[in-house]
Amino acid sequence: MVEKINTTTDVVCPFCGTLCDDLEVDVDIKENKVVEVRNGCQIGTKKFFASNPSDHRYEKPLIKDNGSFKEVSWDEALNKAADILVKAKRPLLYGFSSTECEAQGKGVELAEVLGAVLDNTASVCHGPSLLAIQDVGAPTSTLGEYKNRADLIVFWGCNPVHAHPRHLSRYSEFVRGYFRKDGRNDRFIIVVDPRNTHTAQIADLFVQINPSEDYELLNAIRAILRGTELDGKEVSGVQMENIIELVNKLKTCNFGVIFFGMGLTQSLSHHRNVDAAICLTRELNDYTKFLLTPMRGHYNVAGANQVFTWQTGYSYSIDFSKGYPRYNPGEFSSVDVLIRNEIDASLIVASDPASNFPAAAVKNMFKHPLISIEPHHTPTSVNADVILPPAIAGIECEGTAYRMDSVPIRLRKVKDAPGECLTDKEILERLVEVVKKKKGE
Amino acid sequence: MSMNNLILITCRTIDQGVALEGGKVSRESVRAAAICAFDKEDFKKLDCLVGTPIKVATDFGEVLVYSTISEEGPHPGIIFIPMGPWANQVVNPDSQSCGTPTYKGMKATVEAIPIGKVLGAVELINTLKEA
């Protein structure tokens with residue numbers, strides 16, 4: 001029998017913040033299975049194949065009963081989830097970065113109805129970048145400008161060969177641009193990192209820095225740029241003559257960009273590192289054109305920040321307990337509220353905090369009821385009390401996602417969701433209704 | 001053999017990315033993320049074969065992972081564990097009031113435990129549940 005294959009082109013990859021929009025996906029219509037993915041990176045391709053039915057994909061709502069899961073109807077599962085959330089004095093709604101914007105909007109509505117703490121995964125990755133941007137602004141641009149114009153690229157504390165595999169070929173290193181017709185040969189690539197990463201191995205200049213000493217080096221560069229002569233032979237493990245050479249490279253390019261990652265946000269100085277990187281970028285504009293962009297991880301974490309901001313005024317770490325949104329990272333951020341054991345129920349949407357949060361936070365999360373909207377078996381979902389199985393956004397339903405440079409892109413649907421899966425938006429919409437009914441609203 | 005005064009950094013790797021999309025509770029994720037990458041010269045001091053289980057301990061906890069030699073060296077004195085459940089047993093949960101834990105730059109000691117058992121993701125996470 002001949003397989004009937006449906007090919008969808010210009011598919012947007014719902015894996016990382018690069019949001020590549022040139023994938024081609026073949027689906028076996030009879031089996032409703034992805035059979036081929038073209039143009040995707042190794043990780044994005046895997047995500048499409050992992051959407052196929054398997055022994056680690058949920059297809060029906062589940063409730064934990066005496067330690068094991070039993071299949072239930074959507075009404076029963078939503079009723080149980082709503083009971084947990086309504087009874088809780090301080091529920092946490094966390095995740096949202098691997099789903100589309102309309103579902104994120106419904107999450108905000110649910111948090112407001114519940115008076116919950118609302119947070120997205122920026123809290124544990126680029127939250128410090130958002131803090132720094134709120135402090136000092138951000139000279140930034142869309143990725144297309146970098147592709148067409150940039151002749152000097154700095155990757156600081158990020159390793160796109162591993163984390164954003166097609167970023168280099170689509171926007172920053174190898175790609176030919178309108179003013180960079182010879183692609184890689186028209187660009188000078190600098191990597192600043194404690195190790196000789198695979199990205200550093202294909203760079204023109206690798207600056208090996210001591211771990212957690214980015215703040216010192218960034219400020220040494222700023223000082224030298226201003227014409228200050230620094231004492232000492234090295235800063236952050238980098239020889240002074242190399243720093244001076246680096247400064248000369250930065251100020252003599254035509255159009256430079258700093259892409260930065262977790263190396264700045266997750267090391268000791270957190271937002272102060274990013275603050276210094278932004279100030280350096282601003283000061284480089286006295287000499288040439290210079291911009292910077294955070295390498296966002298989850299494909300729609302930038303969207304979560306956008307949606308939360310336009311609906312509440314704040315991008316993450318939001319508390320609705322007083323009936324109106326309040327913002328204070330460190331106080332209302334997920335890891336901090338969990339470590340203080342304030343939370344008495346959690347709803348996790350499209351995320352796996354049991355794997356991604358420090359052990360001390362996970363321990364406290366497990367002390368209280370847990371609801372998981374999650375398509376796959378994960379260390380979080382297998383420990384949940386209620387599992388609500390969603391269609392995977394960008395594969396099994398449409399929606400909007402924001403690229404790392406905050407450009408909104410419409411996601412495409414390539415196949416139907418298996419079993420009884422509903423979209424994240426439908427699940428949250430129905431949950432809001434049940435919660436409102438229980439609260440008498 | 002054991003080593004002191006190392007700096008632990010958690011990081012992304014493409015294998016860890018593939019494994020987290022392909023099945024977080026699979027053995028594949030253990031092979032991708034339950035590993036600790038050493039500088040080549042540092043690893044000689046451990047006096048064990050590549051793949052020997054090692055215990056990584058910081059002020060915040062300890063965890064057993066498989067040892068490996070870094071493809072991205074040299075980085076003497078620094079060890080790397082991919083982000084995930086294993087790394088998160090030993091990271092610094094303190095966010096210094098900014099919300100983001102300090103996932104990079106912990107002081108660490110390591111010890112080869114040739115008979116040690118490296119747990120799967122769910123087994124490991126279940127140890128965090130109260131009895």
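The rules behind each value
Within each chain, residue numbers correspond to sequence positions counted from 1 in written order. Working convention: letters from A go to chains and numbers from 1 go to ligands, in the order in which they are written. With pLDDT at 70 or above as the cut-off, local features in this predicted model cover only qualifying residues; side-chain atom pairs require 80 or more to be listed or tallied, and sums for whole chains, interfaces and linings still use all residues. Segments assigned H or I by DSSP are reported as helices when at least four residues long, segments assigned E as strands when at least two residues long, and all are numbered from the N terminus. Any residue surrounded by 20 or more other C-beta atoms within 10 Å of its C-beta is treated as buried, while 12 or fewer makes it exposed and the intermediate range makes it partly exposed; C-beta atoms here are placed from the backbone. Here contacts are defined at the residue level, using C-beta atoms placed from the backbone and a cut-off of 7 Å between them. In this classification, the charged set is Asp, Glu, Lys and Arg, the nonpolar set is Ala, Val, Leu, Ile, Met, Phe, Trp, Tyr, Cys and Pro, and all remaining amino acids, among them Gly, are polar. Paired strands, as defined in this entry, are two strands with at least two bridges between them according to DSSP. Where helices are involved, their axes are fitted lines through C-alpha atoms of the stretch in contact, as for all axes, and angles between N-to-C directions lie from 0 to 180°. Any helix carries an expected span of 1.5 Å times its number of residues minus one.

A.B. asks: Describe the overall build of chain B, and please don't skip the residues or the numbers.
C.D. replies: Summing up its helical and strand segments, chain B has four helices and six strands in all. Going residue by residue from the N terminus, the α and β elements of chain B occur as β-α-α-β-α-β-β-β-β-α. Across its three principal directions, the C-alpha atoms of chain B cover 35 × 35 × 30 Å. Here chain B holds 131 residues, and 53% of them are scored as buried. Residue pairs at least 24 apart in sequence account for 76% of intrachain contacts in chain B once pairs closer than 6 positions are excluded.

A.B. asks: Break down the interface of chain B and chain A for me, citing the residues and quoting the values.
C.D. replies: Counting residues at the interface gives 42 residues for chain B, matched by 55 residues for chain A. When contributions to the side of chain B that touches chain A are tallied by element, the ones reaching two or more residues are β1 (2-11), α1 (14-22), β6 (104-112) and α4 (121-126) of chain B. The dominant element in the side of chain B that touches chain A, judged by the number of residues it contributes, is α1 of chain B, at five residues. Across the side of chain B that touches chain A, the residue classes tally to 18 nonpolar, 17 polar and seven charged.

A.B. asks: With reference to specific residues and values, describe the pairing of strand β9 (residues 188-193) of chain A.
C.D. replies: Residue and element names in this part refer to chain A. Burial analysis of β9 places five of its six residues in the buried class, the great majority of the element. Examined bridge by bridge, strand β8 (residues 152-156) and β9 share five bridges and lie parallel to one another. In the strand pairing of β9, F155 is matched with V191. Sheet topology note: the β9/strand β10 (residues 205-208) ladder contains four bridges and is parallel. Opposite D193, over in β10, you have Q208 as the bridge partner.

A.B. asks: If you had to explain unusual backbone geometry to someone new, which residues and values would you point to?
C.D. replies: Working note: non-glycine residues mostly have negative phi, and peptide bonds are mostly trans. For the peptide bond that leads from G73 of chain B to P74 of chain B, omega is 0 degrees, which places it in the cis range. Backbone geometry at S212 of chain A places phi at a positive 60 degrees, although glycine is not the residue there. Mapped onto the elements, S212 of chain A comes out in the loop between β10 and α9 (214-225). For S212 of chain A, a count of 21 C-beta atoms within 10 Å gives the class buried. For S317 of chain A, which is not a glycine, the phi torsion comes out positive at approximately 55 degrees. Inspection of the secondary structure puts S317 of chain A in the loop between α13 (301-312) and β15 (318-319).

A.B. asks: Outline the sheet that holds β10 of chain A, listing residues and values.
C.D. replies: All names here are of chain A. What the five strands build is an open sheet, ordered β10-β9-β8-β13-β14; its pairing is parallel. Only two strands of the sheet have a single neighbouring strand rather than two, namely β10 and β14 (289-294). Recorded for the sheet is a direction-independent mean angle of 15 degrees between the axes of neighbouring strands. Pairing geometry for strand β13 (residues 255-260) and β14, over six bridges, is parallel. Its bridge partner being in β14, G256 is matched across the sheet by F290. The strands touched by helix α10 (residues 240-252) within the sheet are β8, β9, β10 and β13, with β10 carrying the most contacts at an inclination of about 135 degrees.

A.B. asks: If you had to explain the sheet that holds strand β16 (residues 326-327) of chain A to someone new, which residues and values would you point to?
C.D. replies: Strands pair in a sheet through their backbones, by hydrogen bonds, and they do so in one of two ways: parallel or antiparallel. All names here are of chain A. Taken in spatial order, the nine strands line up as β5-β4-β19-β18-β17-β6-β7-β15-β16 in an open sheet, and their pairing is mixed. The open sheet has two edge strands with one neighbour each: β5 (68-71) and β16. With respect to the sheet, helix α3 (residues 101-114) is in contact with β6 (91-95), β7 (117-120) and β17 (345-349), its orientation differing from that of β6 by roughly 170 degrees. α13 contacts β7 and β15 of the sheet and is inclined by roughly 145 degrees relative to β7.

A.B. asks: Now, about the environment of H271 of chain A: what can you tell me, with residues and values included?
C.D. replies: Residue placement: H271 of chain A occurs in helix α12 (residues 271-284). Along the chain, H271 of chain A and L130 of chain A lie 141 residues apart, while their C-alpha atoms are 8.1 Å from each other. Setting aside residues up to four positions removed in sequence, H271 of chain A forms contacts with P128, L131 and A132 of chain A together with C98 of chain B.

A.B. asks: Tell me about α13 of chain A, and please be specific about residues and values.
C.D. replies: Residues and elements named next belong to chain A. In this model α13 runs 16 Å from its N-terminal to its C-terminal C-alpha over twelve residues, within 8% of the 16 Å that 1.5 Å per residue would give. The complete set of buried residues in α13 reads V301, A302, G303, A304, N305, V307 and F308. Looking at the buried side of α13, the elements it contacts are α3, β7, α4 (127-136), β15 and β20 (399-402). A positive backbone phi angle near 95 degrees is found at G313, which sits one or two residues after α13.

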